[in-house]
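Here are the chains, one letter per residue:
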Amino acid sequence: MIKAEHLSFVYGGSFKAVDDLSFHIKKGQIVGFAGPNGAGKTTVIRMLTGVLKPAEGRAEINGHDIVKDALEAKKSFAYVADNPDVLLQLSGLEYINFIADIYKVPSDERKERVADLSERFGMSDSLLTPMREYSHGMRQKLMIIAALTHNPPAWILDEPMTGLDPSAAYELKNLMREHASKGNAVLFSTHVLEVAEKLCDHIIIINHGKDLYQGTVEKLEDEHKGKDLEEIFLDLINYRKEDL
Ligand SMILES: Nc1ncnc2c1ncn2[C@@H]1O[C@H](COP(=O)(O)OP(=O)(O)O)[C@@H](O)[C@H]1O
Ligand SMILES: [Mg+2]
């Protein structure tokens, strides 16, 4: 459903931020995309979503190549970017409608989903307020509501938990679980491995743009007996640093 094949990306002609990364997220899976700050997660997500063009390799969403078949690919995923500070002059509802118009979400379905998502995220009373008056967490929640109003098979979320209060984080985790359990695919990045541990079937860990681990949390723990996930994560990152 979400496929990356030998993706690489170079900033400024020389800095290789992503180096030959491949993965395949299947229907029904929630996959946590982990790695420390600067690991290359956002760059990968921007290539998957067509914001950046890969230097090498290709990406595919729901069978559509993100470069060659961009429109069909883009209809197949919802994307929550890492920065919620966009179009702050709009009210929350204006922003949601703007995004829902782009995706041509029918009005009945839109009303129902916006009402449900706003309720879940405690945003029902703030929808008419300009987003410049929102706190960071409220902006983040609004971006999530706007992205998920259009309900495509793949969800791609870049650090979606950042700034969320515990009840919003809980709601988002439930939504991701529900979405995956209906046969869809969810990919979300995080620099906090504990989030991925609880929620995901599979995790992908990268550092310096390179693949460090792909598989289940159990398999990772089996391979590093006696250590908790935080220690394993730090080991993986340091091991690679020495290796480079
Ligand atoms: N626009 C840019 N120009 C140059 N370097 C960048 C740019 N964006 C990101 N980088 C660098 O690429 C690397 C990966 O960044 P990023 O993909 O944002 O990582 P992550 O999302 O895992 O924190 C970092 O070293 C970062 O400094
Ligand atoms: Mg990032």
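Residues numbered from 1 in each chain as written. Chains lettered and ligands numbered in written order. Predicted model: local features only at pLDDT ≥ 70, side-chain atom pairs only at ≥ 80, totals over all residues. Heavy atoms only, no water.

Caption draft 1: Structural view of the packing of helix α4 (residues 107-120) against helix α5 (residues 136-149). Contact geometry for α4 and α5: axes closest at 10 Å, N-to-C directions at 150°. Classified by the angle their axes make, α4 and α5 are roughly antiparallel. Both α4 and α5 take part in a crossing whose hand is right-handed. Contacts between α4 and α5 pair R110, R113, V114, L117 and S118 from the former with I145, L148 and T149 from the latter. Split into classes, the residues belonging to the contact of α4 with α5 amount to four nonpolar, two polar and two charged. (Axes fitted to C-alpha atoms, helices over the stretch in contact; angles between N-to-C directions. Helix = DSSP H or I, 4+ residues; strand = E, 2+ residues; numbered from the N terminus. Parallel < 35°, antiparallel > 145°, perpendicular 65-115°, else oblique. Left-handed = near helix turned anticlockwise from the far one by under 90°. Contact = heavy atoms within 4.5 Å. Nonpolar A, V, L, I, M, F, W, Y, C, P; charged D, E, K, R; others polar.)

Caption draft 2: The pairing of strand β7 (residues 154-157), seen in detail. A two-sided burial pattern is seen for β7, the buried positions comprising A154 and I156 on one face and W155 and L157 on the other. Sheet analysis places β7 next to strand β8 (residues 185-190), joined by four bridges and oriented parallel. Note on β8: the bridge partner recorded for I156 is L187. Running through helix α6 (residues 166-181), the crossover from β7 to the neighbouring parallel element β8 is right-handed. (Buried < 20%, exposed > 50% of the residue type's maximum accessible area, 1.4 Å probe, protein only. Pairing = 2+ DSSP bridges. Right-handed = clockwise from strand over helix to strand, strands pointing away.)

Caption draft 3: Quick peek at the packing of aromatic side chains. Taken as a whole and assessed by the stated rule, the structure comprises three aromatic pairs. Note on F23 and F33: the rings are 6.0 Å apart at their centroids and 50° apart in plane angle, and the pair reads as tilted. Separated by ten residues along the polypeptide, F23 in strand β2 (residues 15-25) and F33 in strand β3 (residues 30-34) bring together distant segments of the chain. (Phe/Tyr/Trp six-rings, centres within 6.5 Å; stacked < 30°, edge-to-face > 60°.)

Caption draft 4: Looking closely at the pairing of strand β1 (residues 2-11). Both β1 and β2 contribute to a ladder of seven bridges, which runs antiparallel. Residue Y11 lies in a different strand from β2, and its bridge partner there is F15. Counted along the chain from β1 to the antiparallel partner β2, the turn is three residues long, and its residue G12 has a positive phi close to 60°. Taken together, the five bridges between β1 and strand β4 (residues 56-61) define a ladder with antiparallel strand orientation. By the bridge assignment, K3 is partnered in β4 with E60.

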